[in-house]
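For reference, the chains in residue letters:
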Amino acid sequence: MIPYLLLIAGFAVLIVGADYLVKGASSIAKKLKVSDLIIGLTVVSFGTSAPELAVNIIASTSGAPGMAVGNVVGSNIFNLLVIVGLAAILRPINLKSSLVKIEIPYAILAAFVLIVVSGDYLFGEGDGVISRSDGMLLLLFFSIFIYYIFLSAKKGQINADDAPKEEKYYPVWLSAIYVLGGLAALVFGGDLIVSNATELARGWGMSDTVIGLTIVAAGTSLPELATSMMAAYRGNSDIAIGNVVGSNIFNVFFILGISATITPLPFQSQSMIDAVVAALATILVLVLAYRGWGTRIDKREGAVLLTLYIGYVAWLLTA
């Protein structure tokens, strides 16, 4: 019972830490006269992916690299099938935002780049591994993505309404406390999650990768879930799906890139199925958005996405 409670506590600490990190960093950026648009596209967007980053760094350095890979792949699948599905059930998602149009090719690219860099055995090179050089390649793609976002914002192709926001600002001393406290909470919460998820995995006879694909992935995706559900509830459906697509790009190019640069990540051949599922989920969401019944993802399509995730998890646990 204690590992379960500590795992839940770890998620709570992780999410609270990410929230305060965003508050403090956004406030400092505003003091430095950084525009709300740039803050939203960088600090706030990064904040929703901070839990995955914290867990992955700790998993990479504590002998659980399978959890690091499973966390990213599982989070991306969860984001696309569960978060988009629930948001569409709550309120149909209309795609009108130029932000989503800019991110679409990168979301597809990220899914397939992951397959390529992890599928060494497909090219007769033995077991798959995401090497340090692969990690640096992923970070290069991430740098190109960030440059493209800034360039698009400068040209006015992305406006302030497309970016998530952090409204308040605080005194510099309090902002610094928020940032430092948020970082400390991320490290502490991430450590709780990795250590207790590993213990549970061993107790259940499951691999670190499967735990990462399911429990850890769902838990670290809670900020994206909260952000997208609130955006959908308020009628900002384009932001709801934009948050998910952007988060998936962050997860593969930045988080997995950082993790692999710290230590090479072994990639078992059976995990390729999960990577392919993530790629197909990306394509499915985008196909539904642009070529579904109309120009939106409606409640029926949202239910389909959610059902597919339930089926995927059922298969994962029984395979």
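None of these values were measured; they are calculated from a predicted model.

Cut-offs and rules
Residues numbered from 1 in each chain as written. Predicted model: local features only at pLDDT ≥ 70, side-chain atom pairs only at ≥ 80, totals over all residues. Heavy atoms only, no water. Helix = DSSP H or I, 4+ residues; strand = E, 2+ residues; numbered from the N terminus. Buried < 20%, exposed > 50% of the residue type's maximum accessible area, 1.4 Å probe, protein only. Contact = heavy atoms within 4.5 Å. Phe/Tyr/Trp six-rings, centres within 6.5 Å; stacked < 30°, edge-to-face > 60°. Axes fitted to C-alpha atoms, helices over the stretch in contact; angles between N-to-C directions. Parallel < 35°, antiparallel > 145°, perpendicular 65-115°, else oblique. Left-handed = near helix turned anticlockwise from the far one by under 90°.

Novice: Please provide a residue-by-residue account of the environment of Val72, values included.
Specialist: Along the chain, Val72 turns up in helix α3 (residues 65–90). For Val72, a relative accessible area of 0% gives the class buried. Put simply, Val72 and Ile255 are 183 residues apart on the chain and 7.8 Å apart in space, counted from C-alpha to C-alpha. With sequence-adjacent residues up to four places away left out, Val72 is seen in contact with Asn56, Asn251, Val252, Ile255 and Leu256.

Novice: Got a sec to walk through the packing of aromatic side chains? Specific residues and values, please.
Specialist: The description of an aromatic ring pair rests on the distance of the ring centres and on the angle between the ring planes. In this structure the tally under the stated criterion is 11 aromatic pairs. Seen from their ring centres, Phe250 and Phe254 are 6.5 Å apart, and the 65 degrees between their planes marks the pair as edge-to-face. Linking Phe250 with Phe254, this pair stays in helix α9 (residues 237–262), spanning 4 residues, or about one helical turn. Under the relative-accessibility criterion, Phe250 is labelled buried at 6%. Summarising the aromatic geometry, the rings of Tyr309 and Tyr312 are spaced 6.3 Å apart at their centres and angled 45 degrees between planes, so their arrangement reads as tilted. Of this pair, Tyr309 and Tyr312 both sit in helix α11 (residues 299–318), 3 residues apart, which is roughly one turn of that helix. Taken as a pair, Tyr309 and Tyr312 share a single burial class, namely buried.

Novice: Go over the packing of helix α7 (residues 208–220) against α11, please, and point to the residues and values.
Specialist: Contact geometry of α7 with α11 gives a least axis separation of 11 Å together with a crossing angle of 155 degrees. By the angle class used here, α7 and α11 are roughly antiparallel. Relative to α11, the crossing made by α7 is left-handed. Residues Val210, Leu213 and Thr214 of α7 pack against Tyr309, Tyr312 and Leu316 of α11.

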